Amino acid sequence: VVRVLHQQIDAAATACIPWAYESFGELSVRCLSSTMGLLSGLFTRAPEPEPLVEPAGALHLHTVDTDHAIVVGSILLLAVAHFVIGRARNPPPGVARAIKRLSRRLSSLVGAAEEGKPARRVSIVPWDPHPKWSAAPAASTRSGVYPGWRFFALLLVGLVVVIFEGSFETVRLFYTTCSLSLMAYRLKYYADRGLLLYALDFCYWVHFVGLAALWFADLPSDWATAALVSAVGPVGGAVFMLQSPLLLHHPEAFEGFFLHVVPCWVAYVVRWRVMPSLAPELLPVGATIGLGFWKVYVPWGISHLLFLLVKPYTPLAKYEMLFDWYVGSVASGDNSSARGKGAKAHDSFLSYAWKPTAYIAVHALLSLEGYAAAALSLRREACFLAWVSLIFALNIKTAFDFYRAGTDPDYSPGNKFVNGLRDSALSWCVILPLFLWCEREAV
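Since we're looking at a predicted model, the values are computed, not measured.

Cut-offs used in this document
- Each chain has its residues counted from 1, following the order in which its sequence is written.
- Local features are withheld for residues below a pLDDT of 70 in this predicted model, meaning they are given only at 70 or higher, and side-chain atom pairs are given and counted only at 80 or more; totals for whole chains, interfaces and linings count all residues.
- Calculation of side-chain values draws on the structure's entire complement of heavy atoms; hydrogens and water are dropped beforehand.
- A run of DSSP states H or I qualifies as a helix once it reaches four residues; a run of E qualifies as a strand once it reaches two. Both are numbered from the N-terminal end.
- Three exposure classes are used, based on accessible area relative to the maximum for each residue type with a 1.4 Å probe and protein chains only: buried under 20%, partly exposed in between, and exposed over 50%.
- Pairing of N or O atoms within 3.5 Å defines a polar contact, subject to two protein rules: one partner must be a possible hydrogen donor and the other a possible acceptor, and residues neighboring in sequence count only if both atoms are side-chain atoms.
- Whether two residues are in contact is decided by their heavy atoms: any pair within 4.5 Å suffices.
- Note on geometry: axes are lines fitted to C-alpha atoms, helical ones only across the stretch in contact, with angles between N-to-C directions running from 0 to 180 degrees.
- Orientation labels follow simple angle bins: below 35 degrees gives roughly parallel, above 145 gives roughly antiparallel, 65 to 115 gives roughly perpendicular, and whatever is left gives oblique.
- If you view the pair so one helix is near and one far, a crossing is left-handed when the near helix is turned anticlockwise from the far one by less than a right angle, and right-handed when it is turned clockwise.
- Among buried residues, the Ala, Val, Leu, Ile, Met, Phe, Trp, Tyr and Cys ones that are joined through side-chain atoms within 4.5 Å form a nonpolar core.
- To estimate the expected span of a helix, subtract one from its residue number and multiply by 1.5 Å.

Regarding the side chain of Glu320
Along the polypeptide, Glu320 turns up in the loop between α13 (285–310) and α14 (322–332). Of the residues examined, Glu320 reaches a relative accessible area of 0% and is grouped as buried. Here the side chain of Glu320 touches Tyr198 through a polar contact of 2.9 Å, side chain to side chain.

If you want it as structure tokens, here you go:
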């Protein structure tokens, strides 16, 4: 049915409406034809790929059609244009008051900078449960709340289609564009709130290392493997300990999911579509763990520890980092009381130095656990798929907890650290037996 519909629309666009070529150019008809081709491709089984005969490291994927991936990006751009134009032509009530508040906010930022004082923070942030974020979509739009859930739901679908169906060049370009755009928004958002030092965390380091490897590293190579195993294990596995949800109500909220999970999807494509000629025997578990840990984690860990040790004694002491959030708000049981506040200088250096040292040591142990899971995933495709599925399932579960907590003050998902340990242990109960079974079947 889809193929017949595709033929009918293509014929109509070519024969019955020639004015489309004159008015809008050939691109409009091409997009229409490509869109229907995408639909037909989704409902038909792609032929089995030919055996790999190209040289090792050739950057090619099995794909339905590059045009189909390109048209998905075009649809996303149209959605952005529709959203921007619609909001501009039909502004919500109170937009004038919002502009005035923005002007006062900018003025306060300038005044605070001149006086050397931090700017006043807003009380509601996207990563804290609140009725504002949990309202129904229609109600959210009427009340003026950012209706980003539509765009980010569409972006999520586009990421899945492009990453798992597009050519390597299309995947790399689309992922890099989304990554840099969301990262720029987050950095601006953090800078306005005195939280910019959060960008020194390990996940940001791995994110930029992965982007560099995606564009400049040879595939396969030790450097590319180190970047892959770091993105899949410590960063992807951090979802369990951080209890990171899939949130669609705000760009800053969606960036948390994108930063930790989407690199795992890209890593799957690179490992099992770009580098299928890399035999599992060439990726021993111990060597793969050491490759990522020593090449990626250790340089960050040493430099981060040194920075944490001297930070309380510098002008940056008043700015918060993830370490400050853990030793402050987490230790006190209040998830928001210490936000925006850095660690204070101590009279005795030793009374403070053990805290960042212990923090990095525990972080390294948990990262090694993630590296181990990634090593199994890079060796056996079934383990990789199971690992990615477990991460995404947790994203959905924690998203439910987040939005329910925003509407039900009495609802509590429990202690995040305890839940993280539990979910991490459950994930190992799945991937470890699966890995052992795959190894036995491969003998």
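Structural notes on the environment of Pro245
Looking at where Pro245 falls in the secondary structure, it is placed in the loop between α11 (222–242) and α12 (251–274). Residues in contact with Pro245, not counting those within four places in the same chain, are Phe257, Asn395, Thr398 and Ala399.

Some points on the packing of helix α10 (residues 202–216) against α12
Packing of α10 against α12 brings their axes to within 11 Å, and their N-to-C directions diverge by 30°. Taken together, the axes of α10 and α12 are roughly parallel relative to one another. Handedness of the crossing formed by α10 with α12: left-handed. Together, Cys203, Tyr204, His207 and Leu214 of α10 and Phe258, Leu259, His260, Pro263, Val266 and Val270 of α12 make up the contact between the two elements.

Re the side chain of Ser244
Note that Ser244 resides in the loop between α11 and α12. The class for Ser244 is buried, based on a relative accessible area of 11%. With sequence-adjacent residues up to four places away left out, Ser244 is seen in contact with Val239, Leu394, Asn395 and Thr398.

Remarks on the nonpolar core
One finds Leu159, Phe254 and Trp265 to be the most contacted residues of the largest nonpolar core, which totals 86 residues. The dominant element in this core, judged by the number of residues it contributes, is α12, at 15 residues. Not counting chain neighbours up to four residues away, the residues in contact with Leu159 comprise Phe174, Cys178, Phe254, Phe258, Val262 and Trp265.

Things to note about helix α9 (residues 168–192)
Relative to the 36 Å expected for 25 residues at 1.5 Å per residue, α9 spans 36 Å between its end C-alpha atoms, a close match to the ideal helical length. In the segment just after α9, Gly194 is the residue with positive phi, at about 70°.

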